[in-house]
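Examining the three-dimensional arrangement
Now for the letters of each chain:
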Amino acid sequence: MSKPEVTQAMIQAYDEYTHLTLDRRGFMQKLTALAGSGAAAAAIMPMLAANQANAAMVEETDARLDVSDVTYPGASGEMKGYLAIPKDAADRLPAVIVIHENRGLNPHIRDVARRMALEGFVALAPDFLSPNGGTPANEDEARNMFQSLDMAGATANGEATRAFLAGHEKTNGKVGAIGFCWGGGMVNRMAVASAELGAGVAYYGSQAPADQVPSIQAPLMLHYAGLDERINAGIDAYKAALDANGKTYELHMYEGVNHAFNNDTSSARYDKAAADLAWSRTVEFLKKNLA
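Just so it is clear, the model here is predicted, and its values are computed rather than measured.

**Description of the domain arrangement of the protein chain**
Where interface size is given, it is often the accessible area lost as the parts come together that is meant. The domain architecture assigned to the protein chain consists of domain 1 (8-48) and domain 2 (62-290). Across the contact, 14 residues belong to domain 1 and 15 residues belong to domain 2. Together domain 1 and domain 2 conceal approximately 1,200 Å² of surface at their shared face, both sides included; 39% is due to carbon and sulfur atoms. When the buried surface of domain 1 facing domain 2 is broken down by residue, Ile11, His19 and Met47 rank first, second and third, together holding 34% of it. Our count for the contact surface shared by domain 1 and domain 2 stands at zero salt bridges. One can count three residue pairs in polar contact (both at pLDDT 80 or more) joining domain 1 with domain 2. Only helix H1 (8-19) and helix H3 (38-48) provide two or more residues apiece to the side of domain 1 that touches domain 2. Among the elements that make up the side of domain 1 that touches domain 2, the one with the highest residue count is H1 (eight residues). Taken together, the residues that form the side of domain 1 that touches domain 2 break down as seven nonpolar, four polar and three charged.

Structure below.
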């Protein structure tokens, strides 16, 4: 049997399901219509969704790292997170907050934190669902939790995470943030809220409102996917505000790729060439600004 074809319309329907108002039943009905049958839709669904069973790029048992689940003070309660630290570092290291998508702190984001640690950073992936009990195993349940999450409280917890890392014995006190999808939007929110953030990297994240841009102090790197119409609709206003206020930023557009192109657990949306290029740019940017 040949591999089913995933079309752009199917990817857009999945984006509507994961980020907007389409529920699972409505999505499967739309996918079935696009695929031509329920059997074809059932075969395509795993290609669109993130598969956490996919192999990690950096194993949790990698001998070069110390990894642990941690708790630390949030803005108004305890935060949970996943900490990855390079072993045997001679000096204190810059730190990076790794912010998850709207599925919470899952194995993929833990893997990204380990990748960041191997680049020479103390990497902490917070669980922004901590105030609601933490990330559940069911991703649909996690998505629903994000819809009611207090965003002002989440932003305050981002700043509390920055403060925790700034004072950690293994860091040099300089803290940046990298985020994906929901996390990319959180990076922009943190840049507005925190004068102490050292650098921010937002992958296909919603932009900060133009009237809040004057508060941004951190240099930003903004990665966008050329086919991501929903997120890209806000680029022009954001760019105009950043330019008008003399902010330091880089904006990179990756043509022909989809939202979540960095997520290697989603075979239909992952684009290795774009992901590798964005990652190399990200690491160089963070090293330059957090040294």
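**Re the side chain of Asn263**
Mapped onto the elements, Asn263 comes out in the loop between strand S8 (249-254) and helix H10 (272-290). Engagement of the side chain of Asn263 in a polar contact is seen with the side chain of Thr265, the distance being 2.5 Å.

**Side note on the pattern of salt bridges**
Taken as a whole, this structure holds ten salt bridges when the rule is applied. For Asp66, the salt bridge goes to Lys87, with nearest N and O atoms at 3.9 Å. Highlighted residues: Asp66 in strand S1 (residues 65-73) and Lys87 in the loop between strand S2 (78-86) and strand S3 (93-99), separated in sequence by 21 residues. Assessed through its relative accessible area of 42%, Asp66 is described here as partly exposed. For Lys87, a relative accessible area of 36% puts it in the partly exposed group. Notably, a salt bridge pairs Arg115 with Asp111, separated by 2.8 Å at the nearest N-O pair.

**Some words on the packing of helix H2 (residues 24-35) against H3**
The N-to-C vectors of H2 and H3 enclose an angle of 115 degrees; their axes lie 8 Å apart at closest approach. When the axis of H2 is compared with that of H3, the two are roughly perpendicular. For the element pair H2 and H3, the recorded crossing hand is right-handed. For the pair H2 and H3, contact is made by Arg24, Phe27, Met28, Leu31, Thr32 and Ala35 and by Gly38, Ala40, Ala41, Ile44, Met45 and Leu48, respectively. For the contact of H2 with H3, a count of residues per class yields nine nonpolar, two polar and one charged.

**What about the UniProt feature "domain: Dienelactone hydrolase" (unreviewed entry) in the protein chain?**
Those residues carrying the UniProt feature "domain: Dienelactone hydrolase" (unreviewed entry) are residues 79-288 in this numbering. A distance of 29 Å separates the end C-alpha atoms of residues 79-288, which is 38% helix and 23% strand.

**Re the sheet that holds strand S5 (residues 171-180)**
Taken in spatial order, the eight strands make up an open sheet running S1-S2-S4-S3-S5-S6-S7-S8, and their pairing is mixed. Edge positions in the open sheet fall to S1 and S8, since each of these has one partner strand only. Strand-to-strand, the axes of this sheet are offset by a mean angle of 20 degrees, without reference to chain direction. Pairing of S5 with strand S6 (residues 199-203) involves five bridges; the strand directions are parallel. Each bridged residue has a counterpart across the sheet, and for Gly176 the counterpart in S6 is Ala199. The sheet contacts of H10 involve S3, S5, S6, strand S7 (220-225) and S8, and relative to S6 the element is tilted by about 170 degrees.

Scoring rules and cut-offs
- Residues numbered from 1 in each chain as written.
- Predicted model: local features only at pLDDT ≥ 70, side-chain atom pairs only at ≥ 80, totals over all residues.
- Heavy atoms only, no water.
- Domains from an automatic or database assignment.
- Contact = heavy atoms within 4.5 Å.
- Buried area = accessible area lost by both parts, 1.4 Å probe.
- Salt bridge = Lys/Arg side-chain N within 4 Å of Asp/Glu carboxyl O.
- Polar contact = N/O pair within 3.5 Å; in protein donor to acceptor, adjacent residues only side chain to side chain.
- Helix = DSSP H or I, 4+ residues; strand = E, 2+ residues; numbered from the N terminus.
- Nonpolar A, V, L, I, M, F, W, Y, C, P; charged D, E, K, R; others polar.
- Buried < 20%, exposed > 50% of the residue type's maximum accessible area, 1.4 Å probe, protein only.
- Axes fitted to C-alpha atoms, helices over the stretch in contact; angles between N-to-C directions.
- Parallel < 35°, antiparallel > 145°, perpendicular 65-115°, else oblique.
- Left-handed = near helix turned anticlockwise from the far one by under 90°.
- UniProt positions renumbered as here; feature names shortened; annotations may be inferred.
- Pairing = 2+ DSSP bridges.

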